[in-house]
Amino acid sequence: MLLLLLQPLFNWEVNGQEMTYLELWTTGTGVELAVFLAMMAAGSWGMAARKPWARWVLVFMQPALLLMLALYPSTWMAQEGLNIADLALQTLIVSLCVYACLFHLPGMRRYYQAAEPAMARRQL
């Protein structure tokens, strides 16, 4: 998907509004989508490889999108009537839930602990 985002092959539809390739990138929407897709890919591949840093990528994905909104206020998220305090609270709640699931669920702890002996053997 990230490769398609970088190609000026077609127009994009964002929130029901058609955008050209140029509009996608000049408004910041393209950057925001690229950051989201890159973080999701890194977090997912890292989780599959049992890399501890991958959990943090997924936890900070929501705050990164909020930061992108602050850097590019004209993005597709900047809709009329958007309450930034509500959005910040939602971001905090989602990030805390992701953190709780990835760091405190017994199944996730077992998943990462199973990788620790293999990692220790590789370092020897």
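What you see is a predicted model, and the numbers here were worked out from it, not measured in a lab.

K.L.:
Sorry if this is basic, but what is going on with the environment of Pro-63 here?
P.N.:
By secondary structure assignment, the location of Pro-63 is in helix α5 (residues 61-71). Overall, the relative accessible area of 29% leaves Pro-63 in the partly exposed class. Residues Pro-63 and Ser-95, spaced 32 residues apart in sequence, show a C-alpha to C-alpha distance of 7.5 Å.

K.L.:
What exactly am I supposed to notice about the environment of Tyr-111 here?
P.N.:
Here Tyr-111 shows up in helix α7 (residues 106-123). The partly exposed category is assigned to Tyr-111, whose relative accessible area is 25%. Between the C-alpha atom of Tyr-111 and that of Ala-48, which follows or precedes it by 63 residues, the distance is 9.9 Å. Not counting the four nearest positions on each side in its chain, Tyr-111 is found in contact with Met-47, Ala-48 and Arg-50.

K.L.:
Quick question: what am I supposed to make of the packing of aromatic side chains here?
P.N.:
For any pair of aromatic rings, the description consists of the separation of the ring centres together with the inter-plane angle of the planes. In the structure shown here, the tally under the stated rule is seven aromatic pairs. Between the aromatic rings of Trp-56 and Phe-60, the centroid separation amounts to 5.8 Å while the plane-to-plane angle is 25°, which identifies the pairing as stacked. For Trp-56, a relative accessible area of 38% puts it in the partly exposed group. Between Tyr-99 and Phe-103, the aromatic rings sit 4.8 Å apart at their centres with planes inclined by 25°, giving stacked as the arrangement. With Tyr-99 and Phe-103 both in helix α6 (residues 84-104) and four residues apart, the pair spans about one turn of that helix. You can call Tyr-99 partly exposed: its relative accessible area is 29%. Taken together, the ring pairs in this structure connect Trp-56, Phe-60, Tyr-99 and Phe-103 into an aromatic cluster. The ring of Tyr-111 carries Arg-50 above its face, with NZ or CZ at 4.3 Å from the centroid. A cation over a ring is seen here: Arg-55 above Phe-103, with NZ or CZ 4.2 Å from the ring centre.

K.L.:
Can you walk me through the packing of α5 against α6 in this structure?
P.N.:
Each pair of packed helices can be summarised by the angle the axes make with each other and by the distance between the axes. Running from N to C, α5 and α6 point in directions that differ by 160°, and their axes come no closer than 9 Å. It follows that α5 is roughly antiparallel to α6 by the angle criterion. Handedness of the α5/α6 crossing: left-handed. Seen from α5, the contacting residues are Gln-62, Pro-63, Leu-66 and Leu-69; seen from α6, they are Ile-84, Leu-87, Ala-88, Thr-91, Val-94 and Ser-95.

So, how was this worked out
- Residues numbered from 1 in each chain as written.
- Predicted model: local features only at pLDDT ≥ 70, side-chain atom pairs only at ≥ 80, totals over all residues.
- Heavy atoms only, no water.
- Helix = DSSP H or I, 4+ residues; strand = E, 2+ residues; numbered from the N terminus.
- Buried < 20%, exposed > 50% of the residue type's maximum accessible area, 1.4 Å probe, protein only.
- Contact = heavy atoms within 4.5 Å.
- Phe/Tyr/Trp six-rings, centres within 6.5 Å; stacked < 30°, edge-to-face > 60°.
- Lys NZ or Arg CZ within 6 Å of the ring centre and 35° of its normal.
- Axes fitted to C-alpha atoms, helices over the stretch in contact; angles between N-to-C directions.
- Parallel < 35°, antiparallel > 145°, perpendicular 65-115°, else oblique.
- Left-handed = near helix turned anticlockwise from the far one by under 90°.

None of the figures reported here should be taken as evidence of function without further support.
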